Amino acid sequence: MISSKIYKGVAGGLFALCLLACTPEDNSYEPGKPVSATSVGAYFPNTNKSEIIKADSDEKSFEVTVKREKTDNAVSIPIEVVSKTDNISIPSTVEFAAGEEETSITLTYTDLETTPKFDIRLKEEYTNPYKIKDGSMEFAGNVFRLNLISDNVIMKDYDASSGYTTIFKDVVTSIYQMGNENKFIWRNFLGSGIDLKFKIDGSFNSEDVFKSSGSVVPLNHYIEYGEDGWCLASDEEGTLYADWSVPNGTVEGWIFFYYEYEGSSYFYIDLNPTTSKSGKEYGWGYFWPAYYDSWSNLDYSAFYIYYN
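Residues numbered from 1 in each chain as written. Predicted model: local features only at pLDDT ≥ 70, side-chain atom pairs only at ≥ 80, totals over all residues. Heavy atoms only, no water.

## Topic: the pairing of strand β14 (residues 213-218)
For a regular strand, side-chain orientation follows a simple rule: the groups alternate between the two sheet faces.
At step 1: Across the 6 residues that make up β14, a large majority, 6, are buried.
At step 2: Relative to β14, strand β13 (residues 196-203) runs antiparallel, the two sharing 6 bridges. Among the inter-strand pairings, Lys199 is bridged to a residue of β14, identified as Val217. (Buried < 20%, exposed > 50% of the residue type's maximum accessible area, 1.4 Å probe, protein only. Helix = DSSP H or I, 4+ residues; strand = E, 2+ residues; numbered from the N terminus. Pairing = 2+ DSSP bridges.)

## Description of the nonpolar core
At step 1: Phe168, Trp186, Leu190, Leu232, Trp244, Phe257 and Phe267 are the most contacted members of the largest nonpolar core, which totals 31 residues.
At step 2: Secondary-structure elements contributing two or more residues to this core are β10 (138-157), β12 (184-187), β13, β16 (229-232), β17 (244-246), β18 (249-258), β21 (267-275) and β25 (303-307).
At step 3: Apart from the residues lying within four places of it in its own chain, the contact partners of Leu190 are Met155, Phe168, Val171, Thr173, Trp244, Val246, Ile255, Phe257 and Phe287.
At step 4: In this structure, Val40, Val64, Ile77 and Val94 belong to the second largest nonpolar core, which totals 24 residues. (Core = buried A, V, L, I, M, F, W, Y, C linked by side-chain atoms within 4.5 Å. Contact = heavy atoms within 4.5 Å.)

## A short note on the packing of aromatic side chains
At step 1: Within this structure, the stated rule accounts for 11 aromatic pairs.
At step 2: Centroid distance Tyr268 to Trp284: 5.8 Å. Interplanar angle 50 degrees. Geometry classified as tilted. Here Tyr268 is found in strand β21, whereas its partner Trp284 is found in strand β22 (residues 281-287), with 16 residues between them in sequence.
At step 3: Among the residues examined, Trp284 registers a relative accessible area of 24% and is labelled partly exposed.
At step 4: Chaining the aromatic ring pairs together yields one cluster made of Phe184, Trp186, Phe189, Phe198, Phe204, Trp230 and Phe267.
At step 5: Of note, Arg187 hangs over the ring of Tyr176, and the distance from its end group to the ring centre comes to 5.2 Å. (Phe/Tyr/Trp six-rings, centres within 6.5 Å; stacked < 30°, edge-to-face > 60°. Lys NZ or Arg CZ within 6 Å of the ring centre and 35° of its normal.)

## Some details on the pairing of strand β4 (residues 75-84)
At step 1: Here β4 runs beside strand β6 (residues 93-96); their pairing, made up of 4 bridges, is antiparallel. Note on β6: the bridge partner recorded for Val75 is Phe96.
At step 2: As paired strands, β4 and strand β8 (residues 117-122) are joined by 5 bridges and run antiparallel to one another. Residue pairing for β8: Lys84 is matched across the bridge by Phe118.

## Re the side chain of Lys67
At step 1: Checked against the element boundaries, Lys67 lands in strand β3 (residues 61-67).
At step 2: Here Lys67 sits buried without a salt bridge, and the closest side chain of opposite charge, Glu102, lies 4.2 Å off (N-O distance).
At step 3: When residues no more than four places from it in sequence are discounted, the contact partners of Lys67 are Gly41, Ala42, Tyr43, Pro45, Phe96, Glu101 and Glu102. (Lys, Arg positive; Asp, Glu negative; His and termini not counted. Salt bridge = Lys/Arg side-chain N within 4 Å of Asp/Glu carboxyl O.)

## Looking at the pattern of salt bridges
At step 1: Across all of its chains, the model carries 8 salt bridges by this definition.
At step 2: For Asp195, the salt bridge identified is with Arg187, shortest N-O distance 3.7 Å.
At step 3: The exposure class of Asp195 is partly exposed, given its relative accessible area of 35%.
At step 4: Residues joined in a network through salt bridges with shared partners are Glu51, Lys183 and Lys197.

Purely spatial values, then, with no claim about function.
Have a look at this one:
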């Protein structure tokens, strides 16, 4: 049984704590700022792409869409620059005509030697941060030049005499680097028609990409599979397993790639040039996938990646 002295002491302590916690001086809640009378609910919709792909021969400009909720009157909305590289220019305002719900601004850049980057926002008094919508008052992006790594990427069985399938043997694909970033696009990945974006986890050299090597880590079109691998997805967001046909069969249901297991990489690429016996330079890599082939049998294979 608890003694009355202990009970009174505990109760007194709790009462004191309540007094301290409930004093007006400690009530630091402040209501948010009211929506400005000039607000038209302006925002950058999520349809804007944060990664813009450009070639040197392309026009050095691109559009960014801006929308608003109140469309009664014409309005000029100031654009604030949070940050940007020196080789990109940002307009100072976005202009809406009366009744116009959507318009766009044009950003220009001078070159792609350094990846043009920008982070912009609409002046707060013209926005409404309290209303949920498919966008934001701030938008950031990059303009990437695709630099060709190889347009002759082929797959070869690790050991053709072992009975492993040759399902990818007639598939030729290409790999590009996005600007000078650790971001790459593997076009028509394994003959799937999917452009897989990935990074290299290992040794990446931004000044000379052909001194880079490491694990292939997907950035889109993937579904996580446990802690050690991923499956190829048909959609960028990674909600649908991919299946596709190649000249020598069909990948049905899913294809699974190991990422790392007990410190070892199971999907590796080396961009450092290697010289063959005939004197030709090539890059290489390897991967161990598991997949369902055209006979619906689970197949485990090992492939080398070669390109020149």
